[in-house]
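Structural overview
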Amino acid sequence: MATLAARQTVALSRLSSSRTSVQAASLVHRRGLAGAADHHGPPKVNCWQDPMSPSKWKEEHFVIVSLSGWGLLFFGGYKLFTGGKGKNQEDLDL
């Protein structure tokens, strides 16, 4: 029983020392290389604020505009080569 009390007092004295607080501060997690807060280069803008400079756009806006453009290009080509005709009521009556 005495050894248990002695261990508790030693542990308590270790917790109250200033060295332990320095060690505890070193264990605090820091986000050293999480790049969201560090800006390198010019700031990025929305695509509608500077529509003629895609290099200044935010990455997600560039992706959306690029995929939309490719979709329109493929759909336009499809309509061009198929004659742009859909199924009309006249075609169904024949």
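Residues numbered from 1 in each chain as written. Predicted model: local features only at pLDDT ≥ 70, side-chain atom pairs only at ≥ 80, totals over all residues. Heavy atoms only, no water.

**A closer look at the overall build of the chain**
When you go through the chain residue by residue, the secondary structure sums to 4 helices and 0 strands. Order of helices (α) and strands (β) in the chain, N terminus to C terminus: α-α-α-α. A burial count over the chain gives 4% of its 94 residues as buried. As presented, the chain carries roughly 9000 Å² of accessible surface, and 64% of it is formed by carbon and sulfur atoms. (Helix = DSSP H or I, 4+ residues; strand = E, 2+ residues; numbered from the N terminus. Buried < 20%, exposed > 50% of the residue type's maximum accessible area, 1.4 Å probe, protein only. Areas by Shrake-Rupley, 256 points an atom, 1.4 Å probe, with all protein chains shown as cover.)

**A few points about the UniProt feature "transmembrane region" (unreviewed entry) in the chain**
UniProt records the feature "transmembrane region" (unreviewed entry) for residues 61–81 in the present numbering. A helix fraction of 100% and a strand fraction of 0% characterise residues 61–81, whose end C-alpha atoms lie 30 Å from each other. (UniProt positions renumbered as here; feature names shortened; annotations may be inferred.)

**Details of the side chain of His61**
Relative to the assigned elements, His61 resides in helix H3 (residues 59–81). One polar contact links the side chain of His61 to the main-chain amide nitrogen of Cys47, over a distance of 3.3 Å. (Polar contact = N/O pair within 3.5 Å; in protein donor to acceptor, adjacent residues only side chain to side chain.)

**Digging into the environment of Val45**
Structurally, the position occupied by Val45 is in the loop between helix H2 (18–26) and H3. Here the alpha-carbon distance between Val45 and Lys58, two residues 13 residues apart in the chain, equals 5.7 Å.

**Some details on H3**
An α-helix turns once every 3.6 residues. As a result, residues three or four positions apart point the same way. Between the first and last C-alpha of H3 there are 33 Å, a value that for 23 residues agrees with the 33 Å anticipated at 1.5 Å per step. Looking one or two places after H3, you find Gly83, whose phi comes out positive at around 85°. (Expected span 1.5 Å × (residues − 1).)

**Some details on a nonpolar patch on the surface**
A contiguous nonpolar surface patch, about 280 Å² in accessible area, is contributed by Phe62, Val63 and Leu67. Tracing the chain through its elements places Val63 in helix H3. (Patch = residues over 30% accessible without salt bridge, like charges linked within 9 Å, V, L, I, M, F, W, Y side chains within 5 Å. Salt bridge = Lys/Arg side-chain N within 4 Å of Asp/Glu carboxyl O.)

**Considering the pattern of salt bridges**
A full pass over the atoms with the stated rule returns 1 salt bridge. The shortest N-O distance in the salt bridge between Lys56 and Asp50 comes to 3.7 Å. Looking at Lys56, the relative accessible area reads 42%, which means it is partly exposed. Residue classification places Asp50 among the partly exposed positions, given a relative accessible area of 22%.

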